[in-house]
Amino acid sequence: MKAHTVYLTFNTERRREFVRITEDVETAVRDAGISEGMVLVSAMHITAGVWVNDDEPGIQADALEWLDKLAPPSWQEPNGEVARALLPDPADYRHHRGGEDNGDAHLKNLLVHHQVIVPVTEGELDLGPWQQIFYCEFDGRRRKRLVIKVMGE
Amino acid sequence: MKAHTVYLTFNTERRREFVRITEDVETAVRDAGISEGMVLVSAMHITAGVWVNDDEPGIQADALEWLDKLAPPSWQEPNGEVARALLPDPADYRHHRGGEDNGDAHLKNLLVHHQVIVPVTEGELDLGPWQQIFYCEFDGRRRKRLVIKVMGE
Amino acid sequence: MKAHTVYLTFNTERRREFVRITEDVETAVRDAGISEGMVLVSAMHITAGVWVNDDEPGIQADALEWLDKLAPPSWQEPNGEVARALLPDPADYRHHRGGEDNGDAHLKNLLVHHQVIVPVTEGELDLGPWQQIFYCEFDGRRRKRLVIKVMGE
């Protein structure tokens, strides 16, 4: 069994941002020199996620707005009464008592999940026709890391 | 290390549907001829998911209704005010500007996650007593694929 | 390829509880004697999950309150109108018709996801600085199991 490990570092301009990383994962698989196996793509932070979906800007804008409604950031005005009601009582995260302001990003990490596994078949990522891999940043503007681990033969 | 890859194709009658695939995964593991390892079960589409849960029709009906509330389809009347408020402003997905109508299915893919890994121990799926594997279709009535990748020895 | 399988059993005092298991996973990796590979950490029940996040009590209390709003337990008064509206019509889960009362726990399993994979690099869990592994119980006070499967070389 061969193993190959690559770390990516992000420092996004915006606080929330989707970054396409399919090509980075492809490069890691090629460098690993395997034909059959899998590759784990896993955020190393607790305020980020990894999502496999379409590279369509409308979907990403929809997803960010919707995630803000389900897991509202208390550092901005809640997006309507539903978002307000989903905040913890009394309207701010306990996590913020220590000076943090990223409570929502931890919940978005929960919703999106922080990792995916992509199968490798005949040396290629075995993805469907519209599947692209995205790093999902929910508390950016600072250095964050992600690990790509290829395993196979 | 042995690797064995199987593709399943679905064409569900209903737009949203859960399809039990535990037995298909068991067959793939048996055909792989491994005794220790794991099997990745991963939807190859961006409007579907894979869920491990109980094969109890009430749970599945509950989950589909609830997913419609959290990620409302804009092609039907929203399921109450909460579902309406969770739609993006002004009440339709940006993704639909190009003629699509499955914006909700992308968000359901996010919530359910598109894959699971099942451990294989002594040649068998190492699942708990009530764990069954389901393909979760959120935009069906057309051909969709799923990959099963077994790895081990 | 080496494989090593460990089962953990939980019997939490509270119905909902997060239990840190990073050290149990580390022990399993050490006992497996691998330097490169991965470890699957997977709940064997359909009313539990596994989450990698910060070991900060505020985050955990926030997450439990918020999960109760998104997937309300019908055995207690809904946490406001939003939580009430997210219950299925007419206000109780179909799953409860058979005498169960844990419909919400199945939906929390869906949201949190029941498993994670941790990469193993140079014999250690390759986690980010704040990443800890938690078993997430949503219907406790009884014996529940989790499987840790280490694979690598």
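Residues numbered from 1 in each chain as written. Chains lettered and ligands numbered in written order. Predicted model: local features only at pLDDT ≥ 70, side-chain atom pairs only at ≥ 80, totals over all residues. Heavy atoms only, no water.

**Side note on the interface of chain B and chain C**
Contact residues are listed per partner, giving 39 residues for chain B and 33 residues for chain C. Taking both partners together, chain B and chain C bury about 3,100 Å²; carbon and sulfur atoms supply 63% of that area. Per-residue buried area on chain B facing chain C is highest for B:Asp62, B:Trp66 and B:Val82; these three make up 20% of the total on that side. Run the count over chain B and chain C and you get three salt bridges. Here C:Lys149 makes a salt bridge to B:Glu36, at a shortest N to O gap of 2.6 Å. (Contact = heavy atoms within 4.5 Å. Buried area = accessible area lost by both parts, 1.4 Å probe. Salt bridge = Lys/Arg side-chain N within 4 Å of Asp/Glu carboxyl O.)

**Some thoughts on the interface of chain C and chain A**
Facing 39 residues of chain C, the contacting portion of chain A comprises 33 residues. Roughly 3,000 Å² is buried in total at the junction of chain C and chain A, and carbon and sulfur atoms are behind 63% of that figure. Considering only the surface of chain C that becomes buried against chain A, C:Asp62, C:Trp66 and C:Val82 emerge as the three largest contributors, covering 20% of it. On the surface where chain C and chain A come into contact, there are three salt bridges. Close ionic contact of C:Glu65 with A:Arg94 constitutes a salt bridge, the shortest N to O distance being 2.7 Å. For the side of chain C that touches chain A, the secondary-structure elements that each account for two or more residues are β3 (37-43), β4 (48-53), α2 (57-70), α4 (103-112) and β5 (115-121) of chain C. The greatest single-element share of the side of chain C that touches chain A, amounting to ten residues, is contributed by α2(C). Taken together, the residues of the side of chain C that touches chain A break down into 21 nonpolar, ten polar and eight charged. (Helix = DSSP H or I, 4+ residues; strand = E, 2+ residues; numbered from the N terminus. Nonpolar A, V, L, I, M, F, W, Y, C, P; charged D, E, K, R; others polar.)

**Comments concerning the relation of the copies chain B and chain C**
Once turned by 120 degrees and shifted 0.0 Å along the axis, chain B lies on chain C with an RMSD of 0.0 Å. Seen this way, the second copy is the image of the first under a three-fold rotation axis. (Least-squares fit on C-alpha atoms with pLDDT ≥ 70 in both.)

**Things to note about the confidence of the model for chain A**
Looking at chain A, pLDDT values average 97 and 100% of them are 70 or higher. For this predicted complex, the interface score ipTM comes out at 0.97, while the overall pTM is 0.98. (pLDDT = per-residue confidence, 0-100.)

**What to know about the environment of C:Glu36**
Mapping C:Glu36 onto the fold places it in the loop between α1 (22-32) and β3. Sequence separation of C:Glu36 and C:Val120 is 84 residues, and the distance between their C-alpha atoms is 5.4 Å. Setting aside residues no more than four positions away along its own chain, C:Glu36 makes contact with A:Met1, A:Ala3, A:Thr5, A:Lys149, C:Val120, C:Thr121, C:Glu122, C:Met151, C:Gly152 and C:Glu153. A polar contact is formed between the side chain of C:Glu36 and the side chain of A:Lys149, at a distance of 2.6 Å. At 2.9 Å, the side chain of C:Glu36 forms a polar contact with the backbone nitrogen of C:Glu122. (Polar contact = N/O pair within 3.5 Å; in protein donor to acceptor, adjacent residues only side chain to side chain.)

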